[in-house]
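Single-letter residue listing:
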Amino acid sequence: MLDKTLKTLSDENKVNKAWNKVLTGLPNGKIQGKKVIVKVNFNNTIRDINTVLNNSPAMIMALAQSL
């Protein structure tokens, strides 16, 4: 679902190109070899991750795997 959202948001076919565009804001942005920092906000975390995918460990793992 994350990959599909990235592709739609960036209007790209491939996830790596989508991330480049989203993270740099440029059509042909290059992030290869650069550090990417993701700030996770746990303020809205709900204990039951089976009913809500809001800042859950599963969402963070999906983000990390996509990057």
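Presented here is a report on the structure given in the accompanying data block. Quantities reported herein were computed from a predicted structural model and do not represent experimental measurements. Each chain has its residues counted from 1, following the order in which its sequence is written. Where local features are concerned, this predicted model is filtered to residues with pLDDT of at least 70; where side-chain atom pairs are given and counted, the filter is 80 or more; whole-chain, interface and lining totals use all residues. The basis for every side-chain value is the complete set of heavy atoms in the structure, and neither hydrogens nor water enter the calculation.

1. Focus on the overall build of the protein
Right, so step 1: Numbering goes from the N terminus for both helices and strands, where a helix is a DSSP run of H or I of at least four residues and a strand is a run of E of at least two. Broken down by element type, the protein carries three helices and zero strands.
Right, so step 2: Traced from its N-terminal end to its C-terminal end, the protein shows the element sequence α-α-α.
Right, so step 3: Per-residue burial over the protein gives 18% buried out of 67 residues.
Right, so step 4: Two residues form a contact once any of their heavy atoms are found within 4.5 Å. Once local pairs closer than 6 in sequence are excluded, the contacts in the protein between residues at least 24 apart make up 27%.
Right, so step 5: Every accessible area reported is derived by Shrake-Rupley at a probe size of 1.4 Å, with residue values counting cover from the shown protein chains alone. When the accessible area of the protein is evaluated, it comes to approximately 5700 Å², of which 54% is carbon and sulfur surface. Three exposure classes are used, based on accessible area relative to the maximum for each residue type with a 1.4 Å probe and protein chains only: buried under 20%, partly exposed in between, and exposed over 50%.

2. Concerning unusual backbone geometry
Right, so step 1: Phi at Asp 11 is positive, roughly 60 degrees, even though this residue is not glycine.
Right, so step 2: Along the polypeptide, Asp 11 turns up in the loop between helix 1 (2-10) and helix 2 (15-24).
Right, so step 3: We classify Asp 11 as exposed; its relative accessible area is 67%.

3. Things to note about the side chain of Asn 20
Right, so step 1: On the secondary structure map, Asn 20 appears in helix 2.
Right, so step 2: Sequence-distant contacts of Asn 20, defined by excluding residues within four places in its chain, comprise Gly 25, Leu 26, Gly 29 and Ile 31.

4. Here's the deal with the environment of Gly 29
Right, so step 1: Take Gly 29: it is sitting in the loop between helix 2 and helix 3 (57-66).
Right, so step 2: C-alpha of Gly 29 to C-alpha of Trp 19: the two residues are ten residues apart in sequence and 9.0 Å apart in space.
Right, so step 3: Setting aside its immediate chain neighbours within four residues, Gly 29 contacts Asn 20 and Thr 24.

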